[in-house]
Amino acid sequence: MNWLIAVIQTSLFAALAPLLAGWIKWCKCRLQNRKAPSLFQPYRDLIKLTNKQPVVAEQASWLFTIAPYIVFSATVLAASIVPLIAVDLPTSASADVIVMVGFFAFARFFLALAGLDIGTAFGGMGSSREMTISSLAEPAMLMAIFTLTMTASTTNLSVAISHVLNDGLVLRPSFVFALFALIIVAIAETGRVPVDNPATHLELTMIHEAMILEYSGRHLALIEWASQLKLMLYGVLIANIFFPWGIAETFSAKALGYGLLAIFGKLTVLAILLAVSETLLAKMRLFRVQEYLGFAYLLGVLGLLSYIILEASR
Amino acid sequence: MIIVLAYCAVLLSLASGFVALLMNQRSILLKFSRSWFKKYPPGDAQYARLINSNLKERRFSHLLRLAVFALLGLSGLFAILAGISVLISKEIITDQIGLGLPWLSWHVRFDSLSGFFFLIVGIAVGAVGFYGPGYVHAYAEKQHPFAALGLFTGLFVSGMLLVLLADDAFFFMIAWELMSVASYFLVAFQHENPANRRAAFLYLLMAEVGALAIILSFGVLASFTDGFTFDALREAKLSTTWASIAFALALLGFGMKAGIVPVHVWLPEAHPVAPSHISALMSGVMLKIALYGLIRFCFDLLAEVLWQWGVVLLIAGTVSALGGILYALMQTNLKRLLAYSSVENIGIIFMVMGLTMIFMANGQPQLAALGFLAALLHAFNHALFKNLLFLGAGIIQHQTHELNIDMMGGLIKRMPQTSMLFLIGCMSISGLPLFNGFVSEWLSFQTALQVDVLDNGVLRSLIPVAAAALALTAALASACFVKVFGMMFLGRSRSRNSDKAHEVKDKGMLAGPGLLAGLCFLFGIFPGVIISLINDVAAQLLGQALPNDSALGWLWLAPVSAEHASYSPPLVLIGALIAVGISVWYLQRNPATVMRRAEPWDCGFGGLTPRMQYNCNAFSMPIRRIFAKVWIIDEQIDKDMQGAMNQNTAAIRYQLQVQDHSWPRLYQPIEHGVNKLAKLVGRIQTGNIRVYLGYSFVTLIIMLWVIS
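Everything quoted here is computed from the prediction, not taken from an experiment.

Quick look at the overall build of chain A
Moving on, step 1. Counting its secondary structure elements, chain A contains 12 helices and 1 strand.
Moving on, step 2. For chain A, the N- to C-terminal ordering of α and β elements is α-α-β-α-α-α-α-α-α-α-α-α-α.
Moving on, step 3. Scaling as 2.2 N^0.38, a compact globule of 314 residues should have a C-alpha radius of gyration of about 20 Å, and chain A matches this with 19 Å.
Moving on, step 4. Residues classed as buried in chain A amount to 66% of the 314 residues present.
Moving on, step 5. For chain A, contacts bridging at least 24 residues in sequence account for 80% of all contacts bridging at least 6.
Moving on, step 6. By element, 68% of the accessible surface of chain A is carried by carbon and sulfur atoms, the whole surface being about 11000 Å².
Moving on, step 7. Each charge sign in chain A was given a centre, from 20 positive and 18 negative side chains, and these centres are 9 Å apart.

Thoughts on a nonpolar patch on the surface
Moving on, step 1. A cluster of nonpolar side chains, Phe697(B), Val698(B), Leu700(B), Ile701(B), Ile702(B), Trp705(B) and Val706(B), forms an exposed patch at the surface whose accessible area comes to about 780 Å².
Moving on, step 2. With respect to the helices and strands, the residue Leu700(B) is situated in helix H27 (residues 689–707).

What to know about the interface of chain A and chain B
Moving on, step 1. Taken together, the contact between chain A and chain B spans 78 residues of the former and 82 residues of the latter.
Moving on, step 2. For the pairing of chain A and chain B, the buried interface totals around 7000 Å² over both sides, and the portion due to carbon and sulfur atoms is 70%.
Moving on, step 3. Inspection of the chain A/chain B interface yields 0 salt bridges.
Moving on, step 4. Our count for the contact surface shared by chain A and chain B stands at 21 residue pairs in polar contact (both at pLDDT 80 or more).
Moving on, step 5. Those elements giving two or more residues to the side of chain A that touches chain B turn out to be strand S1 (55–57), helix H3 (62–81), helix H4 (90–94), helix H5 (97–117), helix H6 (121–152), helix H10 (217–242) and helix H12 (289–311) of chain A.
Moving on, step 6. With 18 residues, H6(A) is the largest single contributor of residues to the side of chain A that touches chain B.
Moving on, step 7. The residue inventory of the side of chain A that touches chain B, partitioned by class, reads 44 nonpolar, 24 polar and 10 charged.
Moving on, step 8. Taken together, the 3 bridges between S1(A) and strand S3 (residues 596–598) of chain B define a ladder with parallel strand orientation. Paired with Ala57(A) across the two strands is Ala598(B), which belongs to S3(B).

Description of the UniProt feature "domain: NADH:quinone oxidoreductase/Mrp antiporter transmembrane" (unreviewed entry) in chain B
Moving on, step 1. Mapped onto the present numbering, the UniProt feature "domain: NADH:quinone oxidoreductase/Mrp antiporter transmembrane" (unreviewed entry) falls on residues 166–453 of chain B.
Moving on, step 2. As annotated, residues 166–453 of chain B has a helix share of 78% and a strand share of 0%, and its two end C-alpha atoms lie 37 Å apart.

A short note on the packing of aromatic side chains
The description of an aromatic ring pair rests on the distance of the ring centres and on the angle between the ring planes.
Residue and element names in this part refer to chain B.
Moving on, step 1. Applying the stated criterion across every chain yields a total of 40 aromatic pairs over all chains.
Moving on, step 2. Seen in terms of ring centroids, Phe-172 and Phe-218 are 5.4 Å apart; in terms of plane orientation they differ by 75°. Their pairing is edge-to-face. Taken together, the residues span a long stretch of sequence, with Phe-172 in helix H7 (residues 169–187) and Phe-218 in helix H8 (residues 194–222) at a distance of 46 residues. Grouping residues by exposure puts Phe-172 and Phe-218 together as buried.
Moving on, step 3. Ring centres of Trp-663 and Tyr-667 lie 5.2 Å apart, and the angle between their planes is 55°; on these two criteria the pair is classed as tilted.

Quick look at the domain arrangement of chain B
A common way to state how big an interface is: give the accessible area lost once the parts meet.
Moving on, step 1. Domain assignment breaks chain B into domain 1 (305–540) and domain 2 (663–707).
Moving on, step 2. Relative placement of domain 1 of chain B and domain 2 of chain B: their C-alpha centres are 48 Å apart.

Points about the UniProt feature "transmembrane region" (unreviewed entry) in chain A
Residues and elements named next belong to chain A.
Moving on, step 1. Feature annotation in UniProt assigns "transmembrane region" (unreviewed entry) to the following positions: residues 62–85, 97–116, 136–157, 169–188, 231–248, 255–277 and 292–310.
Moving on, step 2. This span, residues 169–188, is 80% helix and 0% strand, and a straight line between its end C-alpha atoms measures 29 Å.
Moving on, step 3. Taken end to end, residues 231–248 has its terminal C-alpha atoms 22 Å apart, with 67% of it in helix and 0% in strand.

About the thresholds
Residues numbered from 1 in each chain as written. Chains lettered and ligands numbered in written order. Predicted model: local features only at pLDDT ≥ 70, side-chain atom pairs only at ≥ 80, totals over all residues. Heavy atoms only, no water. Helix = DSSP H or I, 4+ residues; strand = E, 2+ residues; numbered from the N terminus. Rg over C-alpha atoms; globule rule 2.2 N^0.38 Å. Buried < 20%, exposed > 50% of the residue type's maximum accessible area, 1.4 Å probe, protein only. Contact = heavy atoms within 4.5 Å. Areas by Shrake-Rupley, 256 points an atom, 1.4 Å probe, with all protein chains shown as cover. Lys, Arg positive; Asp, Glu negative; His and termini not counted. Charge placed at Lys NZ, Arg CZ, Asp CG, Glu CD. Patch = residues over 30% accessible without salt bridge, like charges linked within 9 Å, V, L, I, M, F, W, Y side chains within 5 Å. Salt bridge = Lys/Arg side-chain N within 4 Å of Asp/Glu carboxyl O. Buried area = accessible area lost by both parts, 1.4 Å probe. Polar contact = N/O pair within 3.5 Å; in protein donor to acceptor, adjacent residues only side chain to side chain. Nonpolar A, V, L, I, M, F, W, Y, C, P; charged D, E, K, R; others polar. Pairing = 2+ DSSP bridges. UniProt positions renumbered as here; feature names shortened; annotations may be inferred. Phe/Tyr/Trp six-rings, centres within 6.5 Å; stacked < 30°, edge-to-face > 60°. Domains from an automatic or database assignment.

Encoded structure:
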């Protein structure tokens, strides 16, 4: 039963990710006084791409063609760890939050290699920038997450979320720091403004897009889907770690239904916030990203320290 | 029985060294066999002919090479057997060999800790046994005699094994010196190049300074007890100050061998110039022997550890880990890069050892055991993948005659098997899930996260910062090895040499790294096997092991408690296979979407050349800019301008030199100091015979005065 719920939840994750992307786009368009595409446009794009013939660069090796599958699978596995509508998943036990960060690293490793595989300047540029940004973002993210895991004294996400849930509404300074750190990292890791612009096609400013420039057809579909999943995953992490209320603690139909509704509501709000911030902010220069991420890192460390100094039971 | 296995390993490695000496003695052998056959004419003439034909020049040297490496491989096998059997039996075996000083025969002790390191040495040496014959084949016999290489390899390996067996300070130092000096000759093997001689000298110098520090640290212990056996040293009752002095000396000595920043400088010099299988052994195994020495000294010989030492180790480890990987990122020479990456990994190990000490001194033996587990597991894993990468680098060098990463590219198509092995190495060292590097990293994080059991405020805030540095290190390592694999194997080839390269023909050269790659994956999926072995080491050495390392069953890793953290690589692997399977099946079912090949996007200008690809320095440029203070960067751009008012750039030259801070900051002042001192001393040497006679006279008078 537990495993069934875990599988269903992971499928839900994968199925809903394009919807979230569509919703963010819709909000952004409305905020910028543009006519918005349908909420389901990302689904149509994905279906269109899967039915197209993929074109692969001449000098690309086998690594280039298997990378999308690896990237997608790693992201789905990461998603399977994160509690979406219910806690106490068996998947959360088989891989904890450090493994989740490891899956992201896995996906990124292959994506960056694929960027280098085609032997063009764009691919190299994208890979180099992606690896730089992520090597700053990953520790910041771990710091934010460690704050949580030390509070709950577990790295198991399900257990940690139940712990926060059972503690009730306590204002923890460490959580405030960690929340902000995680938001900053999420924006950087999912390639949103102000770090990267998912809509850009100007070569010199691209990061993520430059890496996947040569992908087409089903390969592109997988990568796009994976990045939508990643966006949703960060959203769910922020929503369920810091505002876990509503998530199902038992596996009854009612609780699960409430859990689904709750995460819908939380993600809707988060997406609106993201759209507003993307509308208000401009993309920053590449070499200011380190200050931005350094700030996140600092917040993460501050969160950890404030937990240790202020909150720990001794 | 078990000790016999260990002795066999040592003797076989020595034998391999001495058999190699026969390389130049073919004529003597020939004479010997002729006289032998004359005296005892064999019944079977074919047999004699076979022996005689095997003594023919080319065949002889080929067979001899095989024999030498087969002996070395056997020695590795025996070391593995000895290590595993002592780990399983949990015995402590002691013995004495009647060599050495008249009043101090060599004491031997073979316990779990030695056994575990025997295992590490054994696996690495076994892999080298497969790899060696094909690799050394390329050396020209005149310039690089195989006899020297084989002899010193055998001595080097036996030296390492003897260090692990030693149970008295005297024997320990002899074995240690055997290891150091033999490896010096191996580093100096290609001595026609002055840079190699310089590297070898630097290595010898630092090895000897380190050995001096180790002798002094033993001396401190010995002065509080009588005798040099480790049993006697264990009884030494030291005051805190003296214990700290002994610890500092040991840290300096063993740290110099292990390559801790700032005494790491010999690593990036010596590793690239040694033959690849030797650098694999040096980096993968010898550094671990230094780690063994430190563990033996701190956790076994010294009665108790202080938390301040843990802090020192933690800081030194953190600096080494971060510094090592940042320097590695800037390298373009593959083996130099790998050497710096060893500094990083040793840093991680030291960091976790530091945590172990801190927990130990704070009365948390169970957490100390966890840290110990993480540190030793990482040492084991690092031995596997660093060996794999060095052997892979050897194959690349063998096939392309290049070590400069910027001169490679596109090798994945020309060397498919090597590239696969190298990819596994890169994934393991980057700490990606499903591979062994991740498991030890995961355990290290779990150790660091236990900080809230401590009372000391400084420690409570220091350890999270170290954990943060560890996270940064891991992420940078991943960037570094994306660079390595991407530049070497992917893209288009950047030089003619790499364009003409092809897969290595010798199967043994692939079998050695293949074995290591298989182990990297195996221990990534089933880390429980090796963890339970290390747990026994912890139980014997620290007196405390992790109780419920298999509370959830053998598929699970739950070091503290199932509630706290758990990781099940086999389940993750199954999940990954299912996910990949579904996506591949779903997307490839449509026959209309068969892949098509086309030119890559070139902005419509056409004519993409390999020179337009990103290279090493371009790839690491953002990181170089962000962490600019870490290196001494000398970047020069020369432009040739021409045309009206010098507006057009005709040619452009770019030069980049990235240097280690430790040279000008630490070593050059020392060098200046030594030179100055030498000049001062030189002043009394006037070269005038009368002055020297005067010195003798004054000395005599003073001596007489002292005696009377």
